Amino acid sequence: MAIQNYYILTSLPVLEEGGIPAITPSELRDKVEMCDGPVKLIEAIILGDDLIKMQAVLSEEIEDADFTILTSAQVKGEEPMPDFLLTSDEPARKAPVDSLWENYFKHTAKTAVNCGSNFLKKWVNFEVSLRNALVIERAKKLGFEAFDFLASQELSDDEYDFDSLVNDWSAASNPLSGLEVLDRARMQWVIENDRWFSFSDDELAAYTWKLLLINRRCRLTQAESN
C-alpha cells in the first residue's frame, strides 16, 4: 500500500450519486500530483471526460465547460491536440471523431500497462465493448455497415453481454434518458471493480471515474433545468 494513496484517499470527500461532488476533477488531479500519486493514471482517465465535454461544446449541446487536461485553445481548434490523439498507423476513419476516440483508447490501454493498472485495463475493455455494442445496434436500426464505425476491436472483450442494457438504451424515450441508462451501468461496473479500502492506485482510479460520472449527471440535470 503506497502511503501517498492512503493520504489522498482518506482526505477525499465522499461521493454521493445524487449529490454535487465537493471536489472537481482539476482539484483531484492537482492533489494527486502534489502528493506524488499516480498522476499519469488519473490524467488518462480525466482526459476521456474532457473529450466528451469538448464534443458537447463543439456540437453546441452546452455553451462552455471546465477542462482539466485539454486547454481552451485546443478545444477551440486554435492549438493542436496532443500528438497521441492525432497520430495513428490505422487508415483514417469515416468519422474523424472515431479516429480521435480510437487513439484515446489505445493511449489509455498503454497507460494502464505502464502504470500497472488492472482496473484501467478492464475499464478500457468494458467501455470499448459497450460502445461497439451500441454501434452495432444503431447499424441495425439505420441500415449502415457497423464495421466501418467499430472502435479498437482488439481492446474489446467478448465476456460482456450487453443485450439487456442495449435493449433498455434503445427503448429510452429520448437520448438523454438513454445516456442515463448507460451511465448507471457504467457506475455499477465501477462499484463492482473499485477495490474498496485497498488504498491502491486502482482504488484511486475508480474514485476518479465515479467523480466524472457524478459530475456528468450534474451537468445533465442542469441542462434539463435550463
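Residues numbered from 1 in each chain as written. Predicted model: local features only at pLDDT ≥ 70, side-chain atom pairs only at ≥ 80, totals over all residues. Heavy atoms only, no water.

Trainee: Give a detailed account of the packing of aromatic side chains, specifying residues and quantitative values.
Mentor: A full pass over the atoms with the stated rule returns twelve aromatic pairs. Consider the rings of W101 and F105, whose centres lie 5.8 Å apart with planes at 35°: the pair is tilted. Here W101 and its partner F105 are both found in helix α6 (residues 96–115), four residues apart, which amounts to about one turn of the helix. Residue classification places W101 among the buried positions, given a relative accessible area of 7%. Note on F105: relative accessible area 1%, which makes it buried. Measuring from ring centre to ring centre gives 5.3 Å for F126 and Y160, while their planes differ by 80°; the resulting arrangement is edge-to-face. (Phe/Tyr/Trp six-rings, centres within 6.5 Å; stacked < 30°, edge-to-face > 60°. Helix = DSSP H or I, 4+ residues; strand = E, 2+ residues; numbered from the N terminus. Buried < 20%, exposed > 50% of the residue type's maximum accessible area, 1.4 Å probe, protein only.)

Trainee: Please give an account of helix α2 (residues 25–34) that cites residues and values.
Mentor: Taken together, the buried positions of α2 are occupied by P25, L28, R29, K31 and V32. Looking down the long axis of α2, one finds its buried residues gathered within 160° of arc, a one-sided arrangement. Positive phi appears at D36, one or two residues downstream of α2, with a value of about 60°. (Arc of directions from axis to C-beta.)

Trainee: Let's hear about the pattern of salt bridges: which residues, and what values?
Mentor: Following the criterion strictly, the structure yields 13 salt bridges and no others. The closest approach of N and O atoms between E180 and R217, which form a salt bridge, is 2.3 Å. Taken together, the residues E180 in helix α9 (residues 175–192) and R217 in helix α10 (residues 201–225) connect sequence positions 37 residues apart. Taking relative accessible area as the criterion, R217 reaches 25% and is therefore assigned partly exposed. K210 is the salt-bridge partner of D194, the closest N and O atoms lying 2.8 Å from each other. (Salt bridge = Lys/Arg side-chain N within 4 Å of Asp/Glu carboxyl O.)

Treat this as a map of the structure, not an account of what it does.
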